[in-house]
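# Examination of the molecular architecture
Here is what each chain is made of, one letter per residue.
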Amino acid sequence: MTAPPPAPTPSSRYDLPEPDDFTRPYWDAAAEGHLLLRRCRACGRAHHYPREFCPHCWSDVVDWERASGRATLYTWSVVHRNDLPPFGIRVPYVAAVVDLAEGPRMMTEVVECEESALAIGMELRVTFRREEGGEAVAVFRP
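Residues numbered from 1 in each chain as written. Predicted model: local features only at pLDDT ≥ 70, side-chain atom pairs only at ≥ 80, totals over all residues. Heavy atoms only, no water.

## A short note on the pairing of strand β4 (residues 70-79)
One ladder, built from three bridges, connects β4 with strand β7 (residues 123-130); its direction is antiparallel. For R70, the partnering residue across the bridge sits in β7 and is R125. Where β4 meets strand β5 (residues 93-100), eight bridges bridge the pair, whose relative direction is antiparallel. Note that in β5 the partner of V78 across the bridge is V94. (Pairing = 2+ DSSP bridges. Helix = DSSP H or I, 4+ residues; strand = E, 2+ residues; numbered from the N terminus.)

See below:
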């Protein structure tokens, strides 16, 4: 029998990424307002989230590429309750999946948009949210 995970403390943050040497270029670009993808030189397909190999053909010949920042809304859900810090103070918020212009789908949040204005296929642009003490995180707005 394994021990249960430790209970979160009031200061626990579940929304802060933990960059490593491989993902550092992604987070550095985000801090400058740019979204990066990975593109495979073997099959030519882009993917997101960043990986050291292509999830389509398994090649390890993959490069960083600056994305256009354009996307369309694939699906969304309005979250009205989330007890994990700091999400509880953000409710309601729009958790979403977008289709990036370069092809990959990305989980994200839609900001600066009324719930009634959301529509599948609506055009979105990337913007970045920076939390105190954390990395800039890509979110999307109309």
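Right, picking up where we left off after that structure.
## Quick look at helix α1 (residues 24-31)
Of the residues making up α1, those classed as buried are Y26, W27, A29 and A30. All buried residues of α1 fall inside an arc of 160° around its axis, so they share one side. Contacts made by the buried residues of α1 are with β1 (36-40), β3 (62-66), β6 (105-110), β7 and β8 (136-141). Looking one or two places after α1, you find G33, whose phi comes out positive at around 85°. (Buried < 20%, exposed > 50% of the residue type's maximum accessible area, 1.4 Å probe, protein only. Arc of directions from axis to C-beta. Contact = heavy atoms within 4.5 Å.)

## A few points about the environment of E112
By the secondary structure assignment, E112 is in the loop between β6 and β7. Residue class for E112 comes out exposed when judged on its relative accessible area of 62%. Considering only alpha carbons, one finds E112 and P142, 30 residues apart in sequence, at a separation of 7.4 Å. Beyond its immediate chain neighbours, meaning those up to four positions away, E112 contacts R141 and P142.

## Overview of the pattern of salt bridges
Once their charged atoms are close, side chains differing in charge can pair, the charge on each being opposite to the other. Per the stated rule, a full pass over the model turns up eight salt bridges. Among the ionic pairs, R24 bridges to D28, the shortest N-O distance being 3.2 Å. Here R24 pairs with D28, and both are found in helix α1, just four residues apart, close to one helical turn. By relative accessible area, D28 is classed as partly exposed at 37%. Put simply, R24, D28 and E135 are held in one network by salt bridges that share partners. (Salt bridge = Lys/Arg side-chain N within 4 Å of Asp/Glu carboxyl O.)

## Notes on the state of the cysteines
The tally for this structure, following the rule as stated, stands at zero disulfides. With no disulfide partner, C57 has as its closest neighbouring cysteine sulfur the one in C40, 3.6 Å distant. (Disulfide = S-S within 2.5 Å.)

Remember that the coordinates give geometry; whether it matters functionally is a separate question.
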